[in-house]
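# Analysis of the macromolecular model
These are the residues of each chain, in order.
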Amino acid sequence: MTAPPYKQRNRIERMFGHLRINRAIATRYDQLANSFLGMVHLATARYWFEFVHPA
């Protein structure tokens, strides 16, 4: 069973909100697409790790 589209959109919007806490992602500090994508991957992994293993 899948979630309705508005719930999926809400989850995605909240995820981007969490990612924008990282200044480099919010301001697109990196000029190269590969560098920016790498920072997005690191920030996402950090967010996921905090979600899975709360302190």
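A brief look at the structure comes next. The structure displayed is predicted, hence computed values, not measured ones.

Of regular secondary structure, the protein chain possesses three helices and zero strands. Reading the helices (α) and strands (β) of the protein chain from amino to carboxyl end gives α-α-α. Counting across all 55 residues of the protein chain, residues that qualify as buried make up 13%.

Moving on to the layout of surface pockets. By volume, the largest pocket amounts to about 160 Å³. Lining the largest pocket are His18, Leu19, Ile21, Asn22, Ala43, Arg46, Tyr47 and Glu50. Take the lining of the largest pocket: its biggest share by element is four residues, from helix α3 (residues 33-52). Grouping the amino acids of the lining of the largest pocket by side-chain chemistry returns four nonpolar, two polar and two charged.

Thresholds applied
Residues numbered from 1 in each chain as written. Predicted model: local features only at pLDDT ≥ 70, side-chain atom pairs only at ≥ 80, totals over all residues. Heavy atoms only, no water. Helix = DSSP H or I, 4+ residues; strand = E, 2+ residues; numbered from the N terminus. Buried < 20%, exposed > 50% of the residue type's maximum accessible area, 1.4 Å probe, protein only. 1 Å grid on protein atoms, 1.4 Å probe; cavity = no way out; pocket = protein on both sides within 12 Å on 5 of 7 lines; lining within 4 Å. Points joined across faces, edges and corners; volume = space filled by probe spheres on them. Nonpolar A, V, L, I, M, F, W, Y, C, P; charged D, E, K, R; others polar.

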